[in-house]
Each structure stands twice: as structure tokens, then as C-alpha cells.
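Overview (structure and organization)
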Amino acid sequence: MSKKGVGQLLKSRMIQADMLARAERIEDAAVGIAPVGGPSDPHPGNYKGSFKVTTTARGGRRKDRATATVTNTAYYARWVEYGTEKVPAHHVLLRAAAAGGGG
């Protein structure tokens, strides 16, 4: 096995496309389980509509492999995911990754 060849494979378009497909499945799962605010919410559906997938061939700790990332751009996304003193954690991305990230 060639170390250089493995490195090229990890950055390849084929791996990048697979990472993108997995991230899109996670995004779909996250949108499906994302909470929507009630009548007092000034922006109902904003969180649900703020998921985004990005991909790169220079990801990972050493920037040596293809990766894809699912994020939510709503400014309060971290509070929805992890909760606050007054709001329970929903763990949307955690649950979506567990449900949608597999083969």
C-alpha cells in the first residue's frame, strides 16, 4: 500500500462526493426533526431553514482529506442543540448524524 496513494484517495473527488452525500442525508434528517417555534416566536421556521452543507478536499485535523460539514446558521442554533437553563437541549444535529449518516 502506498502512503501517497492513500493520501490522494482521501482527497479524491470520489471520497468528497461520498462525504457530501452523507452530509446531505444528515441535513435532511436534521430538517425533519428540527423544532419550529410557537406563536410567540418572531421567526418561526428560521432554525429549520438555516441548515447548510459545506465540503472541502482539505479537511480534517491535518487538512489532508475530504470532509463535509452540516451546520445551522441561525444565531441561536447552539442553544437549540445544547439547551439553556430554561430551554431543554434538542440535540438535533447529534440525532440527525446518528440517524442519517450511515451508508
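Before reading further, recall that the structure is shown in the block above.
Residues numbered from 1 in each chain as written. Predicted model: local features only at pLDDT ≥ 70, side-chain atom pairs only at ≥ 80, totals over all residues. Heavy atoms only, no water.

1. Points about helix 4 (residues 92-100)
Of the positions making up helix 4, those classed as buried are Val92, Ala96 and Gly100. Down the axis, helix 4 shows its buried residues gathered within 30 degrees of arc, on one side only. Opposite the buried face of helix 4, at more than 90 degrees from it, the exposed residues are Leu94 and Ala98. Of the surrounding secondary structure, the elements contacted by the buried residues of helix 4 are helix 2 (13-33), strand 1 (51-59) and helix 3 (77-82). (Buried < 20%, exposed > 50% of the residue type's maximum accessible area, 1.4 Å probe, protein only. Helix = DSSP H or I, 4+ residues; strand = E, 2+ residues; numbered from the N terminus. Arc of directions from axis to C-beta. Contact = heavy atoms within 4.5 Å.)

2. Details of the side chain of Ser50
Relative to the helices and strands, Ser50 is located in the loop between helix 2 and strand 1. Within the structure, Ser50 has its side chain in polar contact with the backbone oxygen of Asn46 (distance 2.6 Å). Sequence-distant contacts of Ser50, defined by excluding residues within four places in its chain, comprise Thr71, Asn72, Thr73 and Ala74. (Polar contact = N/O pair within 3.5 Å; in protein donor to acceptor, adjacent residues only side chain to side chain.)

3. Focus: the pairing of strand 1
Two strands pair when backbone bridges link them, and strand 1 and strand 2 (residues 65-72) are joined in this way by seven bridges, in the antiparallel orientation. Looking at strand 2, one finds that Thr56 is bridged to Thr67. The turn joining strand 1 and strand 2, which pair antiparallel and follow one another in sequence, is formed by five residues; a positive phi near 85 degrees is taken by Gly60. (Pairing = 2+ DSSP bridges.)

4. Some remarks on the packing of aromatic side chains
Scanning the entire structure with this criterion turns up four aromatic pairs. Measuring from centroid to centroid gives 6.4 Å for Tyr47 and Tyr76, while their planes differ by 35 degrees, and the two rings are tilted. Taken together, the positions of Tyr47 in the loop between helix 2 and strand 1 and Tyr76 in the loop between strand 2 and helix 3 put the pair 29 residues apart, joining distant regions of the chain. The same class applies to Tyr47 as to Tyr76, namely buried. Residues Tyr75 and Trp79 carry aromatic rings whose centres are separated by 6.1 Å and whose planes lie at 90 degrees to one another, so their mutual orientation is edge-to-face. Judged by relative accessible area, Tyr75 falls into the exposed class, the value being 61%. Ring-pair connections join several aromatic residues into one group, and the members of that group are Tyr47, Phe51, Tyr75, Tyr76 and Trp79. (Phe/Tyr/Trp six-rings, centres within 6.5 Å; stacked < 30°, edge-to-face > 60°.)

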